[in-house]
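What follows is each chain in one-letter form.
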Amino acid sequence: MTDHLTVVNHPLVQHKLTLMRDKKTSTNSFRQLLREISLLLAYEITRELEMTTRTIQTPLCEMEAPILEGKKLALVSILRAGNGLLDGVLELIPAARVGFVGLYRDPETLQPVEYYCKLPANLDERLTIVVDPMLATGNSSVAAIDLIKAKGAKNIRFLCLLAAPEGVARMREAHPDVPIVTASLDEKLDDHAYIVPGLGDAGDRMFGTK
Ligand code: URA
């Protein structure tokens with residue numbers, strides 16, 4: 001994957017995203033749409049996985065059949081909204097190893113602080129896909145990727161539903177080697193760091209909290 005930012009303009013992705021943005025969409029439908037859209041985004045982010053072949057017997061003959069090469073992938077969810085994207089991606093790549101990173105924003109310094117980190121072993125040998133639906137300021141994504149790199153990961157991709165130009169720029173500056181796949185590059189951030197037009201608070205909308 002060579003582009004730093006890929007926006008998935010597929011009609012099904014864009015249709016589902018519109019339904020998710022609509023504030024009248026229920027929590028239940030929001031979660032269902034997120035699961036569906038994450039399958040489609042996972043398809044895109046895994047497009048260039050390395051392949052090898054294996055000799056198999058079909059009912060008719062022997063063939064050299066294509067198969068994924070290398071160690072199983074790692075998926076890392078940034079808590080808590082990342083878990084909504086994780087479910088669909090894991091459905092498509094069920095053998096992936098899964099890690100979690102939890103960060104909160106220190107109210108005084110406004111910097112992300114780690115409160116939970118559990119990652120798969122041998123990250124240096126795996127493609128690691130980090131999932132978080134909203135790339136807003138980019139602070140938590142950059143901090144999570146700092147952590148993941150410190151644990152050895154070298155080949156990382158970032159999957160989100162919506163990205164703000166501010167977050168993309170921050171990621172490009174801090175982690176130019178990490179390609180981003182998203183369903184939309186939105187207009188901007190508002191004064192409270194919400195993505196505009198966005199879809200509101202992704203965690204609240206998927207879990208029905210306020
Ligand atoms: N996180 C969200 O859930 N929504 C935004 O708009 C920005 C960050």
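Calculation rules
Residues numbered from 1 in each chain as written. Predicted model: local features only at pLDDT ≥ 70, side-chain atom pairs only at ≥ 80, totals over all residues. Heavy atoms only, no water. UniProt positions renumbered as here; feature names shortened; annotations may be inferred. Pairing = 2+ DSSP bridges. Helix = DSSP H or I, 4+ residues; strand = E, 2+ residues; numbered from the N terminus. Axes fitted to C-alpha atoms, helices over the stretch in contact; angles between N-to-C directions. Contact = heavy atoms within 4.5 Å. Core = buried A, V, L, I, M, F, W, Y, C linked by side-chain atoms within 4.5 Å. Buried < 20%, exposed > 50% of the residue type's maximum accessible area, 1.4 Å probe, protein only. Phe/Tyr/Trp six-rings, centres within 6.5 Å; stacked < 30°, edge-to-face > 60°. Expected span 1.5 Å × (residues − 1). Polar contact = N/O pair within 3.5 Å; in protein donor to acceptor, adjacent residues only side chain to side chain.

In the nomenclature of an unreviewed UniProt entry, the chain corresponds to Uracil phosphoribosyltransferase from the organism Thioclava indica. UniProt's Function (unreviewed entry) comment on the chain is quoted here verbatim: "Catalyzes the conversion of uracil and 5-phospho-alpha-D-ribose 1-diphosphate (PRPP) to UMP and diphosphate."

**A word on the sheet that holds strand β1 (residues 5–7)**
Sheet architecture is open: 7 strands sit in the order β1-β11-β9-β7-β4-β5-β6, paired in mixed fashion. Each edge of the open sheet carries a strand with a single partner, namely β1 and β6 (112–118). The average angle at which neighbouring strand axes cross in this sheet is 20°, direction not considered. Taken strand by strand, helix α3 (residues 82–92) contacts β4 (74–78), β5 (97–105), β7 (127–131) and β9 (155–159), and its axis lies near 155° from that of β4. Sitting on the sheet, helix α4 (residues 139–150) touches β4, β5, β6, β7 and β9, and the angle it makes with β5 is about 130°.

**A look at the nonpolar core**
If you look at the biggest cluster of nonpolar residues, it comprises 36 residues, and the most contacted ones within it are Ile129, Leu159 and Leu161. Of all elements in the fold, only α1 (11–21), α2 (27–45), α3, β7 and α6 (202–207) reach the threshold of two or more residues within this core. The greatest single-element share of this core, amounting to 7 residues, is contributed by α2. Leave out the neighbours within four places in its chain, and Leu161 touches Leu17, Met20, Leu34, Ile37, Leu41, Leu85, Asp132, Pro133, Thr182, Ala183, Ser184 and Leu199. Grouped together as the second largest cluster of nonpolar side chains are 24 residues, Ile145, Ile156, Val168 and Val178 included.

**Describing the packing of aromatic side chains**
All chains considered together, the criterion is met by 1 aromatic pair. Their ring planes at 35° and their centres at 6.5 Å tell us that Tyr104 and Tyr115 sit as a pair that is tilted. Taken together, the residues Tyr104 in strand β5 and Tyr115 in strand β6 connect sequence positions 11 residues apart.

**A word on α4**
Under the 1.5 Å per step criterion, the end-to-end length of α4 is 17 Å for 12 residues, consistent within 8% with the ideal 16 Å. Looking only at α4, the buried set comprises Ser141, Val142, Ala143, Ala144, Ile145, Leu147 and Ile148. Taken from the residues just after α4, Gly152 is the one with a positive phi, measuring 115°.

**Section: the UniProt feature "binding site: uracil" (unreviewed entry) in the chain**
Those residues carrying the UniProt feature "binding site: uracil" (unreviewed entry) are Ile195, Gly200, Asp201 and Ala202 in this numbering. For Ile195, the location among the structural elements is in strand β14 (residues 195–196). In contact with Ile195, other than residues within four places in its own chain, are Met134, Leu135, Ala136, Leu162, Ala163, Ala164, Asp186, Lys188 and Leu189. The topology assignment puts Asp201 in the loop between β14 and α6. Only 3.0 Å separates the side chain of Asp201 from the backbone nitrogen of Gly203, close enough to count as a polar contact.

**Concerning the environment of Ile156**
Positionally, Ile156 belongs in strand β9. On a C-alpha basis, the gap between Ile156 and Leu123 in space is 9.6 Å, while along the polypeptide they are 33 residues apart. Those residues in contact with Ile156 that lie beyond four places of it in its chain are Thr128, Val130, Ile145, Ile148, Lys149, Asp177, Val178 and Pro179.

**Things to note about the environment of Met63**
The topology assignment puts Met63 in strand β3 (residues 62–68). Residue Met63 is classed as partly exposed on the basis of its relative accessible area, which comes to 35%. Met63 sits 10 residues away from Thr53 along the chain, and the two C-alpha atoms are 9.3 Å apart. With near-sequence residues (within four places) excluded, Met63 lies in contact with Arg54, Thr55, Ile56 and Thr58.

**As for the sheet that holds strand β10 (residues 162–163)**
Pairing within the open sheet is parallel, and its 3 strands lie in the order β8-β10-β12. Every other strand in the sheet has two partners, leaving β8 (134–135) and β12 (184–185) as the edge strands with one partner each. Relative to β12, β10 runs parallel, the two sharing 2 bridges. Residue pairing across strands places Ala163 opposite Leu185, the latter belonging to β12.

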